[in-house]
Amino acid sequence: MVYQSDSLSGEVTIGGAKNSALKLMAAALLAEGVTILHNVPDITDVTIMSELLMAMGVGVARFGNRVEIDVPAEINPEAPYELVSRMRASISVLGPLIARFGIATVAIPGGDDFGSRPIDMHLTGLERLGAKFSYEHGNIYGKAGKLRGAEVLLEFPSVGATENLMMAASLSVGNTVIDNAAREPEISDLSDLLNLMGAKVSGAGTSRITIEGVEQMVPVEFTVIPDRVEAATFMSAIAVCGGKALLRNARPEHMRMLIRKMEEMGMEITLDPAGIVIERNTTTKGVHVSTLPYPGLATDYKPFLVVALAVSEGLSMVTENIFAGRFRYIDELVRMGADIRAEGRHAVVTGVSCFSGAKVRAHDIRAGAALVVAGMGADGVTEVYEAEHIDRGYENLAGKLTAMGAQVERA
Ligand code: UD1
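Bear in mind the structure is a predicted one, so any value in this text is a computation, not a measurement.

Colleague: Can you help me understand unusual backbone geometry in this one?
Modeller: Peptide bonds are trans in most cases, and residues, glycine excluded, mostly fall at negative phi. Omega for the peptide link from Y294 to P295 comes to 10 degrees, which places this bond in the cis form. Of note, P295 is situated in the loop between β18 (289-290) and α10 (302-310). Although it is not a glycine, N396 adopts a positive phi angle of roughly 60 degrees. For N396, a relative accessible area of 49% puts it in the partly exposed group.

Colleague: Please explain the sheet that holds strand β11 (residues 175-179) as it appears in this structure.
Modeller: Whenever strands of a sheet pair, they do so through backbone hydrogen bonds, lying parallel or antiparallel. Taken together, four strands build an open sheet; the order of strands is β10-β11-β13-β12 and the sheet is mixed. Each edge of the sheet is formed by a strand with only one pairing partner; in this case those strands are β10 (151-153) and β12 (200-202). Across the sheet, the mean angle separating the axes of adjacent strands is 15 degrees when strand polarity is ignored. Here β12 pairs with strand β13 (residues 208-212) via three bridges, running antiparallel. Among the inter-strand pairings, K200 is bridged to a residue of β13, identified as E212.

Colleague: Please explain the site of the ligand as it appears in this structure.
Modeller: In the vicinity of the ligand there are 18 residues, among which R117, M121, S158, D300 and I322 approach most closely. Between G160 and the ligand, the recorded distance is 2.8 Å, taken from a backbone N or O atom to an oxygen atom. Backbone polar atom of I322 to an oxygen atom of the ligand: 2.6 Å apart, as the coordinates give it. Contact with the protein chains covers 84% of the free accessible surface of the ligand, which is 720 Å². Elements that contribute at least two residues to the shell around the ligand include exactly α5 (120-128) and α6 (159-170). Here the element with the most residues in the shell around the ligand is α5; it accounts for three residues. Looking at side-chain class alone, the shell around the ligand contains eight nonpolar, five polar and five charged residues.

Colleague: Looking at this structure, I do not really get the nonpolar core. What am I missing?
Modeller: Across soluble globular proteins, nonpolar side chains show a tendency to be buried alongside one another. In terms of nonpolar packing, the biggest core is built from 79 residues, with V93 and L194 touching the most fellow members. When residues no more than four places from it in sequence are discounted, the contact partners of V93 are A26, L29, M49, L52, M56, A79 and V106. If you look at the next biggest cluster of nonpolar residues, it comprises 73 residues, including V229, V287, L309 and V360.

Colleague: Just checking my understanding: could you explain a nonpolar patch on the surface for this structure?
Modeller: A cluster of nonpolar residues, L315, M317 and V348, forms a patch on the protein surface that exposes about 230 Å² of accessible area. Mapped onto the elements, L315 comes out in strand β19 (residues 315-319).

Colleague: Looking at this model, I keep getting lost on the packing of aromatic side chains. Mind explaining?
Modeller: How two aromatic rings sit relative to each other is given by the distance of their centres and the angle of their planes. This structure, assessed with the given rule, holds zero aromatic pairs. Here K302 stacks its cationic end above the ring of F327, 3.9 Å away from the centre of that ring.

Colleague: I'm lost on the domain arrangement of the protein in this one. Help?
Modeller: One can read the domain layout of the protein as domain 1 (2-14 + 226-408) and domain 2 (18-223). Using C-alpha coordinates to define each centre, domain 1 is positioned 30 Å away from domain 2. Of the residues lining the interface, 21 residues belong to domain 1; the matching set on domain 2 comes to 20 residues. Taken together, both faces of the contact between domain 1 and domain 2 bury some 1,800 Å²; the carbon and sulfur share is 51%. Taken as a group, Y294, R392 and E395 account for 32% of the area that domain 1 buries against domain 2, more than any other trio of residues on that side. For the interface between domain 1 and domain 2, the tally reads two salt bridges. Between R228 and E186 there is a salt bridge whose closest N-O contact spans 2.8 Å. Counting every contact that joins domain 1 to domain 2 gives eight residue pairs in polar contact (both at pLDDT 80 or more).

Colleague: Just to check I follow, could you spell out the side chain of K400 for this structure?
Modeller: Mapping K400 onto the fold places it in helix α14 (residues 397-403). Accessibility expressed as a relative area gives 18% for K400, which makes it buried. Dropping the residues within four chain positions of it, K400 is found in contact with V12, T13, G15, E230, F234 and E395.

Colleague: Would you mind showing me how to read the layout of surface pockets here?
Modeller: The gaps left among the atoms become clear once a water-sized probe is rolled over them. Here the second largest pocket is characterised by a volume of approximately 330 Å³. In this structure, the second largest pocket is lined by 19 residues; those nearest its centre are M1, V384, A387, E409 and R410. Secondary-structure elements contributing two or more residues to the lining of the second largest pocket are β25 (381-385), α13 (388-391) and α14. Among the residues making up the lining of the second largest pocket, the classes are represented as 12 nonpolar, two polar and five charged.

What counts as what
Residues numbered from 1 in each chain as written. Predicted model: local features only at pLDDT ≥ 70, side-chain atom pairs only at ≥ 80, totals over all residues. Heavy atoms only, no water. Helix = DSSP H or I, 4+ residues; strand = E, 2+ residues; numbered from the N terminus. Buried < 20%, exposed > 50% of the residue type's maximum accessible area, 1.4 Å probe, protein only. Pairing = 2+ DSSP bridges. Axes fitted to C-alpha atoms, helices over the stretch in contact; angles between N-to-C directions. Near = heavy atom within 4 Å. Polar contact = N/O pair within 3.5 Å; in protein donor to acceptor, adjacent residues only side chain to side chain. Areas by Shrake-Rupley, 256 points an atom, 1.4 Å probe, with all protein chains shown as cover. Nonpolar A, V, L, I, M, F, W, Y, C, P; charged D, E, K, R; others polar. Core = buried A, V, L, I, M, F, W, Y, C linked by side-chain atoms within 4.5 Å. Contact = heavy atoms within 4.5 Å. Patch = residues over 30% accessible without salt bridge, like charges linked within 9 Å, V, L, I, M, F, W, Y side chains within 5 Å. Salt bridge = Lys/Arg side-chain N within 4 Å of Asp/Glu carboxyl O. Phe/Tyr/Trp six-rings, centres within 6.5 Å; stacked < 30°, edge-to-face > 60°. Lys NZ or Arg CZ within 6 Å of the ring centre and 35° of its normal. Domains from an automatic or database assignment. Buried area = accessible area lost by both parts, 1.4 Å probe. 1 Å grid on protein atoms, 1.4 Å probe; cavity = no way out; pocket = protein on both sides within 12 Å on 5 of 7 lines; lining within 4 Å. Points joined across faces, edges and corners; volume = space filled by probe spheres on them.

Okay, here's the thing in structure tokens:
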């Protein structure tokens, strides 16, 4: 249940990045022993990744936001459909399993609410390193002797493929170069963890990553970076409801394009040693938005921008360049009174003064959180169904918004 909120204030602490934590947990498979991760958000996707590791015989224990992953010398290198189908990021165990154990069975993830999401680049990249794959009964069966470094040119800077290749190449023989690599902050976070574990990765954050294979990696202690998409969620909430808040721990250097767009809309953003301060003093205005690989505007930010633009003055053009099918939540926003026309990769948003509270359905994590934000800018009551999607990626979203003055209840 979400009620209209006029103005938000105070501060909110941004938790650890989901999209980093999941990959760091997979990377723990590269070393025998106990890897300790700090600042791991308590969200369903992390629970699923923990279950996946435990199904393989790995010990996983959570103590608050610290997660300990105890990887034995031998494990059962299988990622079953029941878990992979609940979370696509499960595919990130493929690289570490093949590299360390020479064998892996991973269920083929299939499509999801973003539409079809292939993993061909993960597989062809790993094949370049010497892995062999066969496909049967909905599973990928991977095999390899010792992986060998190679040059890999990605057709698209895929985040998941870059991560799988970095992890696999770390335990191979010789040098690997990934060209047209993804440059997201989560890639740099993974590179930092791998290097601490004894790998030799350089160039993360640029489009050419070089990995010198090492024979063995060791377990370490590491802290996950703050979640830039969670930060974007609260920025959007301030844009929709007004007010001012400190987003504690948010890293402005990871969110430059989003900050620029928010400023173009008329938001005031100040960099603070503790994080980012965001304030709305005027009516926001429409801007054009186009998603791109980092450092472009992240596809994960888009639902939050669309919600803010839907109640801004004037017209905005929104283009999705990463996932063609990622516009389903727009039908829900239209039910809430938004004036949005979507076709193919484009949506034209004409600002209205306010949303109208309604019953709506969350189709995925970010769309769900964006509907909550829309509900805070809606007259009347908004009920977001299938809110369990939100729990996949947010630790206590309702509690954090309530602490800022909103009225959001998680049933
Ligand atoms: C993507 C986003 C990431 C976001 C995450 C969760 C990008 C570039 N990546 O990461 O920021 O946090 O979703 O919402 O914005 N593709 C292939 N073959 C492959 C792999 C990918 O064709 O083997 C295509 C995808 O269909 C998509 C694009 O490449 O169109 C980007 O995919 P990728 O970066 O791999 O997706 P995720 O790792 O899930």
